[in-house]
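Here are the chains, one letter per residue:
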Amino acid sequence: MLLKADPTFYPSPKLAGQAPAEKLAYVAALNASGGTKPDALLVVDVDRKSKKYGQIVGRVDMPNAGDELHHFGWNACSSALCPYAPHPHLERRYLIVPGLRSSRIHVIDTKPDPKKPKIVKVIEPDELAKRTGYSRPHTIHCGPEGIYLSALGSPSGDGPGGIFALDHYTFAPLGRWEVDRGPQYFGYDFAWHLGYDAAVSSEWGTPKMVEDGVNAELLLGGKYGHSLHFWDLRKRRHVQAIDLGAEQQMVLELRPAHDPTKAYGFVGVVTSLKDLSSSVWLWHRTGSNGSGKWEVKKVIEIPAEPADPSLLPPLLQGFKAVPPLLADINLSVDDRFLYASCWGTGEMRQYDVTDPFSPKMIGSIHLGGIVRHAAHPAAPKKALNGGPQMVEVSRDGRRVYFTNSLYASWDKQFYPEGIRGWMAKVDVADDGKMQLDRDLFLEFDDLRGHQVRLQGGDASSDFYCYP
């Protein structure tokens, strides 16, 4: 325990935007070769002044095979500075790294040498199930009162999914978070508006619905998640559900405004059954002081691209089009730019969301794609597959990192030739103009990178209590 606040904690997003640039990135990597080879957490040098810039400089292999590392996160963040936080002297030191398929949770210590992290605790799936009733842990957020994780479902592979908590110090599972879940059944992402004592959660599907890939019958029947759920954060009770409509399939990544005085945020929808488009929706609270009901509005629509069926995987040939497959979104800490990863078309889109009700597309970069196979300028003659998937933004908004693997079974469906894992970076100018960094293009050989976390924090790791 620190005697003073961790220097990587910032009371406000404005101060976080002035933080020093990260020197390391941590990347969760799936071992796609299968068999007995485990997944790994990779350490990538992202210090521009380093001779090893853009190279892997550390690695932690998991103790078991078959985890499928996916999302992960820090044990503590700037929310520890909230006035009601019972743990103000935590430090951002441990990475909580679950296996989405195994339900095993790894606690990894990044000190004393952040390039040589080590596993210090493993929570086995039986313990998780016994204490929480959940399995398939997915998203991690550090909060003012604990470490919170979402889960896709129950140990049987059915629902309901939900949220559970870990103790800040022992990392022991404390139990299910929800006191009254109301109609909520599917789990996926969750986020908070700390200034409004409100939480929001989104929907994907149960483990049985997603682990073997997209189930075409369920998809066309509108059976995947299509609702948002709003909660009383303090009472842990469900207060409102908003159905976006069964046409809107897979309501996934949530990105709330970082300014705690603002009660709005963005959520990405993977696909529309009407035309295969993807979309971004704005949730916001009505009333002059944010005391009213929650409402949603579609603010961005990304169309599918017509394509020769012979160039498409079997799942898409009948549609004669490439869907964007919006797999991730991320909001810069100053709430100015929203980045949208179109995994199917191989496009990273950038929107100015200064007016969240009227986003304006201002930039686009292509890498990979089901049909396009766009190359990176570092290797202009090398066709890439996969596409921008998980995206992370630095605290100052100047650097955007992304990887190209979604989920092993889904990789196989949409890129049956086999995803060749890579990581890339975009530099962002003052005016928002994006440019691919020619010096950071990392290929992972037999691994596939998924989520990226930045040393000292990033745009999606922290919540703030002061504007």
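A brief look at the structure comes next. This one's a predicted model, so the numbers in the text were calculated from it and none came from an experiment. Per chain, the residues get numbers from 1 upward, laid out in the order the sequence is written. At least 70 in pLDDT is required for a residue's local features to be given in this predicted model, at least 80 for side-chain atom pairs to be given and counted, and no such filter applies to totals for whole chains, interfaces and linings, which use all residues. For side-chain calculations, the full set of non-hydrogen atoms in the structure is used, while hydrogens and water are omitted.

The next thing to look at is the side chain of glutamate 203. Mapped onto the elements of the fold, glutamate 203 is located in the loop between strand E13 (198-201) and helix H3 (207-210). Residue burial is assigned from relative accessible area. The probe radius is 1.4 Å, only protein chains are included, and a residue is buried under 20% of its type maximum, exposed over 50%, and partly exposed in between. By the counting scheme adopted, Arg and Lys are positive, Glu and Asp are negative, and His together with the chain ends is not counted. Here, a salt bridge means any Lys or Arg side-chain nitrogen found within 4 Å of an Asp or Glu carboxyl oxygen. Buried and unpaired, glutamate 203 has arginine 181 as its nearest opposite-charge partner, separated by 9.5 Å. Whenever a nitrogen or oxygen atom comes within 3.5 Å of another N or O atom, the pair is scored as a polar contact, on the condition that within protein one atom can donate a hydrogen and the other can accept it, and that pairs from neighbouring residues in sequence are kept only if both atoms are in side chains. One polar contact links the side chain of glutamate 203 to the main-chain amide nitrogen of serine 227, over a distance of 3.1 Å. Not counting chain neighbours up to four residues away, the residues in contact with glutamate 203 comprise Phe186, Gly187, Tyr188, Gly225, His226, Ser227, His229, Met250, Val251 and Leu252. Strands here are runs of E lasting at least two residues and helices are runs of H or I lasting at least four, both read from the DSSP assignment and numbered beginning at the N terminus. Note on definitions: a residue-residue contact is assigned when non-hydrogen atoms from the two residues lie within 4.5 Å.

Between lysine 111 and proline 112 the backbone carries a cis peptide bond, its omega angle lying at 10°. With respect to the helices and strands, proline 112 occurs in the loop between strand E6 (105-109) and strand E7 (118-123).

Here we take up empty space enclosed by the protein. Both site types are read off a 1 Å grid over the protein atoms alone. A 1.4 Å probe that fits but cannot get out defines a cavity, while an open set with protein on both sides within 12 Å along at least five of seven lines defines a pocket; lining residues have an atom within 4 Å of a point. Grid points are joined across faces, edges and corners, and a volume is the space filled by probe spheres set on the points. Applying the stated rule across the entire model yields five cavities of 30 Å³ or more. Estimated volume of the largest cavity: approximately 180 Å³. Every residue lining the largest cavity is counted, 21 residues in all, and those nearest its centre are Pro256, Ala257, His258, Asp462 and Phe463. Nonpolar residues are Ala, Val, Leu, Ile, Met, Phe, Trp, Tyr, Cys and Pro. Charged residues are Asp, Glu, Lys and Arg, and all others, Gly as well, are polar. Of the residues that constitute the lining of the largest cavity, the class distribution is 11 nonpolar, seven polar and three charged. Within this model, the second largest cavity holds a volume of roughly 150 Å³. Those elements that place two or more of their residues in the lining of the second largest cavity are strand E16 (248-256), strand E22 (326-331) and helix H6 (408-414). Taken together, the residues that form the lining of the second largest cavity break down as 12 nonpolar, five polar and one charged.

Pairing between strands is defined by DSSP: at least two bridges between the two strands are required. The strand order across the open sheet formed by four strands is E4-E5-E6-E7, and the pairing between neighbours is antiparallel. Each having just a single partner strand, strand E4 (73-74) and E7 make up the two edges of the open sheet. Sheet topology note: the E6/E7 ladder contains five bridges and is antiparallel. In the strand pairing of E7, aspartate 109 is matched with lysine 118.

For the rest of this paragraph, the subject is the nonpolar core. Buried residues of nine kinds, namely Ala, Val, Leu, Ile, Met, Phe, Trp, Tyr and Cys, make up a nonpolar core once their side-chain atoms join them within 4.5 Å. Core analysis: the largest hydrophobic core is formed by 29 residues, its most contacted members being Trp192, Leu228 and Trp283. Among the secondary structure elements, those contributing two or more residues to this core are strand E10 (162-166), strand E12 (190-193), E13, strand E14 (227-232), E16, strand E17 (264-272) and strand E18 (278-285). Grouped together as the second largest cluster of nonpolar side chains are 27 residues, Tyr224, Leu252, Leu316 and Ala327 included.

For E17, a buried count of nine out of nine residues is recorded, marking the element as mostly surrounded by other parts of the structure. In this sheet, E17 lies alongside E16 in antiparallel orientation, the contact comprising six bridges. Within the sheet, the bridge partner assigned to leucine 254 lies in E17 and is valine 267. Relative to E18, E17 runs antiparallel, the two sharing six bridges. The residue of E18 that forms the bridge with valine 267 is tryptophan 281.

The subject of this paragraph is the packing of aromatic side chains. Side-chain rings of Phe, Tyr and Trp (the six-membered ring for Trp) are treated as a pair once their centres are within 6.5 Å; stacked means planes under 30 degrees apart, edge-to-face means over 60, and tilted covers the remaining angles. Evaluated as defined, the whole model comprises 17 aromatic pairs. For the pair tyrosine 188 and tryptophan 204, a centre-to-centre distance of 5.6 Å together with 90° between the ring planes defines the contact as edge-to-face. Taken together, the residues span a long stretch of sequence, with tyrosine 188 in the loop between strand E11 (173-176) and E12 and tryptophan 204 in the loop between E13 and H3 at a distance of 16 residues. Classification of tryptophan 204 as buried rests on a relative accessible area of 2%. When the centroid spacing of 4.9 Å and the interplanar angle of 65° are considered together, the rings of tryptophan 192 and phenylalanine 463 count as edge-to-face.

Here we take up the sheet that holds strand E8 (residues 135-143). A sheet is described by the order of its strands in space; here four strands give the open sequence E8-E9-E10-E11, paired in antiparallel fashion. Only two strands of the sheet have a single partner each, and these edge strands are E8 and E11. Ignoring strand direction, the axes of neighbouring strands in this sheet form an average angle of 30°. Contacts from helix H2 (residues 125-132) reach E8, E10 and E11, with the element oriented near 50° to E11. For helices, the fitted line uses only the C-alpha atoms of the stretch in contact; every axis is such a line through C-alpha atoms, and the angle between N-to-C directions lies from 0 to 180 degrees.

Next up on the list: the pattern of salt bridges. In this structure the tally under the stated criterion is 32 salt bridges. Here arginine 48 ties to aspartate 427 by a salt bridge, and the two come within 3.9 Å at their closest N and O atoms. Taken as a pair, arginine 48 in the loop between strand E2 (38-45) and strand E3 (56-65) and aspartate 427 in strand E28 (residues 422-428) lie far apart in primary sequence, 379 residues in all. Salt-bridge contacts for arginine 398 lead to aspartate 430; the nearest nitrogen and oxygen are separated by 2.1 Å. Separated by 32 residues along the polypeptide, arginine 398 in the loop between strand E26 (391-393) and strand E27 (399-403) and aspartate 430 in the loop between E28 and strand E29 (434-443) bring together distant segments of the chain. The exposure class of aspartate 430 is exposed, given its relative accessible area of 57%.

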